[in-house]
Structure formats: C-alpha cells, structure tokens
Amino acid sequence: MIEVVASMARGPVFLAGELMECLITFTNPMSHLSTSASSEMLAWASAQIHCQFHASENRVALPAQGNKQDVQAESDTVLIPSRGERGQCVLDTPPKILFCDLRLDPGESKTYSYSEVVPIDGPPSFRGQAVKYVYKLTIGCQRVNSPIKLLRVPFRVLVLQGMPEPPFPQDEEVSPSNPFLEEEEASRRDARPLERALDMLMATTSRRCPHMFNITNMRGKVAKFCIFKTVYRLGEDIIGTFNFSEGDIPCLQYSVSLQSEEEIQEQYQRRPGQAVSVTGHGRHLESCLHTASSHFSLPIPLNVTPGFSTDIVTLRWRLHFEFVTAREPMEPPTVLQNQSEVTVWAGAEHVDVDTFSWNLPIKVLPTNPALMFHQNKI
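Predicted model, so just to flag it, every value in this text is computed and none were measured.

Novice: Would you mind showing me how to read the layout of surface pockets here?
Specialist: Rolled over the atoms, a probe as big as a water molecule pinpoints where empty space is left. Size it by volume and the second largest pocket reaches roughly 390 Å³. Counting residues per element, the ones that place at least two in the lining of the second largest pocket are β8 (126-127), β9 (131-143), β10 (148-158), β15 (251-264), β16 (277-287) and β19 (313-326). Residue composition of the lining of the second largest pocket, by class: 10 nonpolar, nine polar and four charged.

Novice: Quick question: what am I supposed to make of the pattern of salt bridges here?
Specialist: According to the stated counting rule, one finds 12 salt bridges in the structure shown. We note a salt bridge from R103 to D105, for which the minimum N-O separation is 3.5 Å. Taking the relative accessible area as the measure of exposure, D105 reaches 33% and is therefore partly exposed. R318 is the partner of E261 in a salt bridge, and the nearest nitrogen-oxygen pair spans 2.9 Å. On the criterion of sequence distance, the pair formed by E261 in strand β15 and R318 in strand β19 is long-range, its members being 57 residues apart. The class of E261 is buried, set by a relative accessible area of 15%. Through salt bridges with shared partners, one network takes in E261, E263, R316 and R318.

Novice: Honestly, the sheet that holds strand β7 (residues 109-117) in this entry has me stumped. Any pointers?
Specialist: Sheet strands line up and pair through hydrogen bonds in the backbone, either parallel or antiparallel. Reading across from one edge, β1-β3-β7 is the order of the three strands in this open sheet, with antiparallel pairing throughout. Two strands lie at the open edges of the sheet, namely β1 (3-7) and β7, each paired on one side alone. Adjacent strand axes in the sheet meet at a mean angle of 20 degrees, parallel and antiparallel pairs treated alike. Relative to β7, strand β3 (residues 19-27) runs antiparallel, the two being bridged by nine bridges.

Novice: Sorry, what's going on with the nonpolar core here?
Specialist: When a protein is soluble and globular, its nonpolar side chains tend to lie buried together. Grouped together as the largest cluster of nonpolar side chains are 77 residues, with contacts concentrated most on F26, L137, I238, F296 and L319. Among the elements that line this core, the one with the most residues is strand β4 (residues 40-55), at seven residues. Those residues within four positions of L137 in sequence are excluded, and the remaining contacts are M8, M20, C22, A47, Q48, I49, Y114, L151, R152, V153 and F155.

So, how was this worked out
- Think of each chain on its own: its residues are numbered from 1, step by step along the sequence as written.
- In keeping with the predicted nature of the model, local features appear solely for residues at pLDDT of at least 70, side-chain atom pairs appear and are counted solely at 80 or more, and the whole-chain, interface and lining totals rest on all residues.
- With hydrogens and water stripped out, all remaining heavy atoms of the structure feed into the side-chain values.
- Points on a 1 Å grid over protein atoms alone make up a cavity when a 1.4 Å probe fits among them but cannot get out, and a pocket when they form an open set with protein on both sides within 12 Å along at least five of seven lines; lining residues each have an atom within 4 Å of a point.
- Grid points are joined across faces, edges and corners, and a volume is the space filled by probe spheres set on the points.
- Think of it this way: any DSSP run of H or I at least four residues long counts as a helix, any run of E at least two long counts as a strand, and we number them from the N terminus.
- Amino acid classes used here: Ala, Val, Leu, Ile, Met, Phe, Trp, Tyr, Cys and Pro are nonpolar; Asp, Glu, Lys and Arg are charged; the rest, including Gly, are polar.
- Between Lys or Arg on one side and Asp or Glu on the other, a salt bridge is scored when a side-chain nitrogen of the former is within 4 Å of a carboxyl oxygen of the latter.
- Buried residues are those whose accessible area, probed at 1.4 Å on protein chains only, stays under 20% of the maximum for their type, while exposed residues exceed 50% and partly exposed ones sit between those limits.
- We call two strands paired when DSSP finds no fewer than two bridges between them.
- Axis definition: a line fitted to C-alpha atoms, over the contacting stretch in the case of helices. Angles run 0 to 180 degrees between N-to-C directions.
- Here, nonpolar core refers to any group of buried Ala, Val, Leu, Ile, Met, Phe, Trp, Tyr and Cys residues whose side-chain atoms link them within 4.5 Å.
- In what follows, a contact means two residues having at least one pair of non-hydrogen atoms within 4.5 Å.

In structure tokens, the structure reads:
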C-alpha cells in the first residue's frame, strides 16, 4: 500500500496565468518492525491540470458527442485524468512526469514538487444551476503489474474578464529603467503581466464615482438613491443610501438583494426563450415609513464566481430593489413642544399600497488570491 498526499502551501485559489505549486509526498506506511513489511515499487507517477465541464440536460442542449472510451485497462500505462468524471474535459495541461521506478522501503517517504501555470484561456471555476466548471489537479501513479490509481485535488480558478485596457503598454521603451539593476529588472519583467493585472484590478475597483438615481413610480417620486460605485471585488461591501425626504410618495418598506444571473447562450438553450436562472446571495430589508434617510450594506461573498462569459453561458450581477409605497399621503405623528406625557403612535390598520421593483446592473471582479487563504469552499 502507498499513501499519496498533495499539499498546496499557497492555498487552493489561483488567478488564471498564475503559477501553481504543489508538493506531492509518496509514503510506504508499513513499519519496518512489522513482519509483513516489504518494499514497494512504483513504476511511474505524473500530474496534470484539467477542467471538467458539466451541463444540466434539462437546460442546456449540447451538440452530440462521439462515443469515447472511458475504460482504463489494467495493463494501460496512459494517464487519462478525466477517467470516471461526469461531463466533458474542456481543458487540460500536458502531463509532467514526477518520477520513474521509485522504490520505497517500509516507513520511507519521498516528496516531489509539481508546478504549472494555470491556463489563461479557460473558464473560471463555477457551480451554477445549469452549468459547472470544475478544476482539478490529477495525480496518477502505477505500481508494477497493477492498474493506475488517481488522486484528484480540487482547486479554484479566478479569471479576470471585463477589465479595461491600460492606457498605454508599460514596455521598456516607455517605462523608466535602471541600467545598474539589469538582473533585478529582468525578474520583474517576468512577473509584470500578473502584477499589472492585479494593479489594474485594484485601481478599477478602488475608483469611486457616485451615481445618483431618482426612484419613481406612476404616482410620483419616491426617493433619491446614491451608490458610490458599480464595480466591486469579491469580499467587498456594496453600500448605498436612500433620501426619502425628497420624495412625494410615502415608502413603507424597501429591500435590496444581491443577485447573479446565469444565462445560457441562445444556440444552446433547451427551450426557445428560456428564462434566466437567478440566484440570491444576500438581502437587506427595512421598514422606512416617515424615515428621512436610510442606507444598506451588502457583502459580496468570497466563494461566489465573478461575472464571466463563455460560448455556452454568461454570468452577470445585479442589485434587485423592491419598494412598497402608499397610494395616499400619510401624515407623521405630531408631538407638541410642551407636551410632557409619553405619546404612543399606532400605525394604520389598513393601507392601500403599490409595489414595484428595479434592477441595477453591477460588475463583480475577482480579488487577489493571496487574500483568500481562509476560504475553503471550492
């Protein structure tokens, strides 16, 4: 028996284009004091990254696939990383050999390092209602005269989509350089694309530009709404304020929900005009009758998927507002200036109301994976 342990010291979250590093340890757990202890021989071991795609048959109509053999013969020495997995393998990296002909004595361990750049042309990790994209590091090994055994390590991939282009390329011709630090600058140039992307991400989501909206229905103005920006990173709080003092129509209650919309591209929809799948990720509800102003704060969970688009599915984000307003003016309770007794105000038993909703599109982008060490949900 051989034990295989894979460890990602940096954590299981990576940006597309980032270098993944994993330590893989092979151990013969038998004690050398055991009478049945013997050395173990492994013919080979290799590792590679693959992305598995799965779609709901009730919502997605995919073109017919040819019959593929998914059976691994005992004598076969070819690693098929997606063997036994549901769905289709839409992306994989070339396998890397970790070793050949490894002998492990009882109680002995050997550790090997695997590194690979996460492909930049793949989709992000996503578990939707109709579509799933799952990334795994698959480690295959084979004992002599035995079938191949696979260890799959799931991890999460974030993809930067919808980012604005930089105003000009930061090449050597336009950026300042130091002729006395050529080696240091060469190493910086190697890491520059990922650093640029993270810098652009932070700059884009840190920029504040207040947006003002007049909330109205068919009877008149209800409130003025202000949101400080519409582009966010995972883990940020969405903050907005309402000014009801500028409204003509009394607002009894409002709610704000953070929602994602999963839309299947038209050519892959199972039914014409198929509805978009909406998922809620947080809700703020507040009663606001006779309230001059109010605010809300909705955190964006770290485990959700930022907006993206592929040939099959598009994921968008929005704030969904719902308002309950009175049809008739409602006078606030009056308190006399010199009144010393406690006044109790009872709300009306019956109020004729109108309800209406409004959707505000927003952008949700990834965050720096280094900030997500404690996020364990894949």
